[in-house]
Amino acid sequence: MVQVARRIELLTTGIFSVMEAKKREVEARGLPVINLGIGSPDRPPAPHIKAALRAGIEKDVNYRYPVFEGCLELRQAIARWYQRRFDVELDPEREVLVLMGSQDGLAHLAWAYIEAGDLALVPDPGYPIYSASILLAGGELYPLPLKEENGFLPRLEDIPAEVARRAKLLTLNYPSNPVAAVADRAFFRQAVEFARQYDLLVCHDAAYSELAFDGFKPMSFLEVPGAREVGVEFHSCSKSFNMAGCRIGFVVGNQEVIANLNKIKSNIDYGVFSAVQEAAIAALEGPQDFVRENAATYQKRRDVLVEGLAEAGWQIPKPKGSMFLWARIPAGFSTSMEFALTLLEKAGVLVIPGHAFGAQGEGYVRIALTQEVPLLQEAVARIKANFHF
Ligand SMILES: *Cc1c(COP(=O)(O)O)cnc(C)c1O
């Protein structure tokens, strides 16, 4: 067999397949597993979004290759949504690019900016593509530890000056996966200042900007003066509008970065199915009460789990945003993996061990709020019945 490229070995097949195999084992024993592992929205998109997709499917012209950068109508809708939602003005022709899911842009940005030996600052723990994309491009990682005592914000002031000078990219993600933290204006200002000082490209992943609780409204990184000179912001229709399977997202901000990413992508893919783009226009321009109801759904689920598990003696902070709980493992367990496997075996509840997202995730598990309340109540009942933390 032909020798596989070395970069393949840089990629991990991941904890997800390990947990999946264990899940099948537990289910074979007759215990149906409650899966709180996957970060995929479980509810469908709003009816008007599905209607737009159906209408789009009927149009013969939509079966041609779409425009690389996304149809202008969608880019205009994105710019209008940004104006309404964040009071940020964008040029739809130069500062907006449609993506096949934000993952597409997050994965390919490194191809445009990272050469062999280049350094990138990435959150630890963090969403896996941030580091995978750098490694695939031949770059090196400098993990930024996200610690509970710092509100899971990286301490930029602790980064050695020689590291900051060498680095090209700074990745941020608020509200975050997996740590479920949020950032305030002061932090984003500091990030822009830091990027200016050291000539860094900031890549802010705002996939959870519409999933926030208790009245909290996440801001755009681009609201900070000077942000668009140093960076771009990624959004996803997957979480905001329950369209994960449609594969559509977008990136906005610095026009040079947008142009370079578009150049890479136009050599790789030919854009998103036009019917899906039309559904995204409906999502952005249509009624937004559905978006608020969606956040309220996750908030309710958060409360059921956090309050129920507290009764079992497991104290977990209530996050202000995202789709996850980030929970310290209870006393008596030495690793995230040990705890996650015990939880799965005894209670049939699947969560993801924190070290899957980086070394600093050890000692935590990620619990996804992607099941309905009755199933979450069942998970709580099973945990209470099997554990005394
Ligand atoms: C789910 C998720 C994404 C989404 O990706 P799409 O490709 O738009 O589906 C991006 N970033 C984070 C942190 C996520 O959790």
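About the cut-offs
- Residue indices begin from 1 for each chain and proceed along its sequence in written order.
- For this predicted model, a pLDDT threshold of at least 70 governs which residues receive local features, and a threshold of 80 or more governs which side-chain atom pairs are given and counted, while totals over whole chains, interfaces and linings are taken from all residues.
- To obtain the side-chain values, all non-hydrogen atoms of the structure were used and water was disregarded.
- Residues are labelled near a given molecule or strand when at least one of their non-hydrogen atoms is within 4 Å of it.
- Counted as a polar contact is a pair of N or O atoms within 3.5 Å, where, for protein atoms, one must be capable of donating a hydrogen and the other of accepting one, and residues adjacent in sequence contribute only when both atoms are in side chains.
- Residue exposure ignores everything except the shown protein chains as possible cover, and the areas themselves are Shrake-Rupley values with a 1.4 Å probe.
- Segments assigned H or I by DSSP are reported as helices when at least four residues long, segments assigned E as strands when at least two residues long, and all are numbered from the N terminus.
- By the convention adopted, Pro, Cys, Tyr, Trp, Phe, Met, Ile, Leu, Val and Ala count as nonpolar, Lys, Arg, Asp and Glu as charged, and the other residues, Gly among them, as polar.
- The term salt bridge refers to a pairing of a side-chain nitrogen on Lys or Arg with a carboxyl oxygen on Asp or Glu at a separation within 4 Å.
- Exposed residues in this analysis have more than 50% of their type's maximum accessible area, buried residues have under 20%, and partly exposed residues fall in between, with area computed by a 1.4 Å probe over protein chains only.
- UniProt positions are given in the numbering used here, feature names are shortened, and annotations may be inferred rather than shown by experiment.
- Pairing between two strands is assigned when DSSP locates at least 2 bridges connecting them.
- Between N-to-C directions, angles cover 0 to 180 degrees, with each direction set by a line fitted to C-alpha atoms, over the stretch in contact for helices.
- Here the word oblique covers every angle except those under 35 degrees (roughly parallel), over 145 (roughly antiparallel) and from 65 to 115 (roughly perpendicular).
- Take the far helix as your reference; a near helix turned counterclockwise from it by less than a right angle gives a left-handed crossing, and one turned clockwise gives a right-handed crossing.
- Whether two residues are in contact is decided by their heavy atoms: any pair within 4.5 Å suffices.
- Patch members must show over 30% relative accessible area and no salt bridge, and they are joined within 9 Å when carrying like charges or within 5 Å when they are nonpolar side chains of Val, Leu, Ile, Met, Phe, Trp or Tyr.
- Multiplying 1.5 Å by the helix residue count minus one yields the expected span of that helix.
- Centres within 6.5 Å make a pair out of two Phe, Tyr or Trp rings, where for Trp the six-membered ring is used; the pair is then stacked when the planes are under 30 degrees apart, edge-to-face when over 60, and tilted otherwise.
- In this analysis the charged atom, NZ for Lys or CZ for Arg, is taken to sit over a ring once it is within 6 Å of the ring centre and within 35 degrees of the ring normal.

### Side note on the site of the ligand
Right, on to step 1. If you check the shell around the ligand, you find 14 residues, and the closest are Asp205, Tyr208, Ser236, Ser238 and Lys239.
Right, on to step 2. Here a nitrogen atom of the ligand sits 2.6 Å away from a polar atom, N or O, in the side chain of Asp205.
Right, on to step 3. For the ligand, the protein covers 95% of the area, taking 390 Å² as the surface of the free molecule.
Right, on to step 4. Those elements giving two or more residues to the shell around the ligand turn out to be helix 4 (102-113) and helix 9 (237-240).
Right, on to step 5. Partitioning the shell around the ligand into residue classes produces 4 nonpolar, 7 polar and 3 charged.

### With respect to the pattern of salt bridges
If charged atoms from side chains of opposite charge come close, those side chains can pair.
Right, on to step 1. Within this structure, the stated rule accounts for 27 salt bridges.
Right, on to step 2. Here Arg228 makes a salt bridge to Glu95, at a shortest N to O gap of 3.0 Å. You can see Arg228 sitting in helix 8 (residues 227-230) and its partner Glu95 sitting in the loop between helix 3 (72-86) and strand 2 (96-99), a full 133 residues away along the chain.
Right, on to step 3. For Lys265, the salt bridge identified is with Asp104, shortest N-O distance 2.5 Å. A residue pair is termed long-range when its members are at least 10 positions apart, and Lys265 in helix 10 (residues 255-266) and Asp104 in helix 4 qualify at 161 residues.
Right, on to step 4. Note on Lys265: relative accessible area 2%, which makes it buried.
Right, on to step 5. Overlapping salt bridges, with partners in common, bring together Asp214, Arg302, Asp303, Glu307 and Lys318 in one network.

### As for the UniProt feature "domain: Aminotransferase class I/classII large" (unreviewed entry) in the chain
Right, on to step 1. As recorded in UniProt, the sites labelled "domain: Aminotransferase class I/classII large" (unreviewed entry) are residues 33-383.
Right, on to step 2. Across residues 33-383 one finds 41% helix and 16% strand; the C-alpha atoms that close the span lie 12 Å apart.

### Here's the deal with the pairing of strand 12 (residues 364-368)
Right, on to step 1. The buried fraction of strand 12 amounts to 5 of the 5 residues, a majority that puts the element mostly inside the structure.
Right, on to step 2. Burial of the side chains of strand 12 extends over both faces: Tyr364, Arg366 and Ala368 are buried on one face and Val365 and Ile367 on the other.
Right, on to step 3. With 5 bridges joining them, strand 9 (residues 324-328) and strand 12 adopt antiparallel strand pairing. The residue bridging Ala327 from the neighbouring strand is Val365, located in strand 12.
Right, on to step 4. Alignment of strand 11 (residues 352-353) against strand 12, held across 2 bridges, turns out to be antiparallel. By the bridge assignment, Pro353 is partnered in strand 12 with Val365.

### Observations concerning the packing of helix 2 (residues 47-58) against helix 11 (residues 274-285)
To characterise two packed helices, one gives the angle between the axes of the helices and the distance between these axes.
Right, on to step 1. Where helix 2 contacts helix 11, the axes come no closer than 8 Å and their chain directions differ by 150°. One way to sum up the angle between helix 2 and helix 11 is to call them roughly antiparallel. Classified by chirality, the crossing of helix 11 by helix 2 is right-handed. Contacts between helix 2 and helix 11 involve His48, Ile49, Ala52, Leu53, Gly56 and Ile57 on the former and, on the latter, Ala275, Val276, Glu278, Ala279, Ala282 and Ala283.
Right, on to step 2. Classifying every residue of the contact of helix 2 with helix 11 gives 9 nonpolar, 2 polar and 1 charged.

### A look at a nonpolar patch on the surface
Right, on to step 1. Judged by side-chain polarity, Val4, Ile8, Leu10 and Leu11 come together as a nonpolar surface patch covering roughly 310 Å² of accessible area.
Right, on to step 2. Structurally, Leu10 can be placed in the segment before helix 1 (15-28).
Right, on to step 3. Owing to a relative accessible area of 41%, Leu10 belongs among the partly exposed residues under this scheme.

### Regarding helix 11
Right, on to step 1. Its 12 residues place the ends of helix 11 16 Å apart at the C-alpha level, agreeing with the 16 Å of an ideal helix rising 1.5 Å per residue.
Right, on to step 2. Judged by how many residues are buried, helix 11 sits mostly within the fold: 10 of 12 residues are covered.
Right, on to step 3. By the burial criterion, the buried members of helix 11 are Ser274, Ala275, Val276, Gln277, Ala279, Ala280, Ile281, Ala282, Ala283 and Leu284.
Right, on to step 4. In this fold, the buried residues of helix 11 make contact with helix 2, helix 3, strand 2, helix 9 and strand 8 (249-253).

### Points about the sheet that holds strand 6 (residues 201-205)
Note on sheets: strands pair through backbone hydrogen bonds, and any given pair is parallel or antiparallel.
Right, on to step 1. Strand order in the open sheet made by the 7 strands is 2-8-7-6-5-3-4, with mixed pairing throughout. Where the open sheet ends on each side, the last strands, each with one partner, are strand 2 and strand 4 (140-145). Averaged over all neighbouring strand pairs, the angle between strand axes comes to 20°, with direction disregarded.
Right, on to step 2. Bridge count for strand 6 against strand 7 (residues 231-236) is 4 bridges, and the pairing is parallel.

### Structural notes on the packing of aromatic side chains
Right, on to step 1. Taken as a whole and judged by the stated rule, the model has 21 aromatic pairs.
Right, on to step 2. One aromatic cluster is present, built from ring pairs that chain together Trp314, Phe333, Phe339, Phe387 and Phe389.
Right, on to step 3. In this structure, Arg301 packs its charged tip against the face of Tyr298, placed 5.3 Å from the ring centre.
Right, on to step 4. Taking NZ or CZ as reference, Lys346 lies 5.4 Å from the ring centre of Phe387, over its face.

### Regarding the side chain of Ser209
Right, on to step 1. With respect to the secondary-structure elements, Ser209 resides in the loop between strand 6 and helix 8.
Right, on to step 2. Among the residues examined, Ser209 registers a relative accessible area of 2% and is labelled buried.
Right, on to step 3. Of note is the side chain of Ser209, whose polar atom sits 2.7 Å from the side chain of Glu210.
Right, on to step 4. Apart from residues no more than four positions distant in its own chain, Ser209 is found in contact with Trp81, Arg85, Phe86, Pro175, Pro218 and His235.

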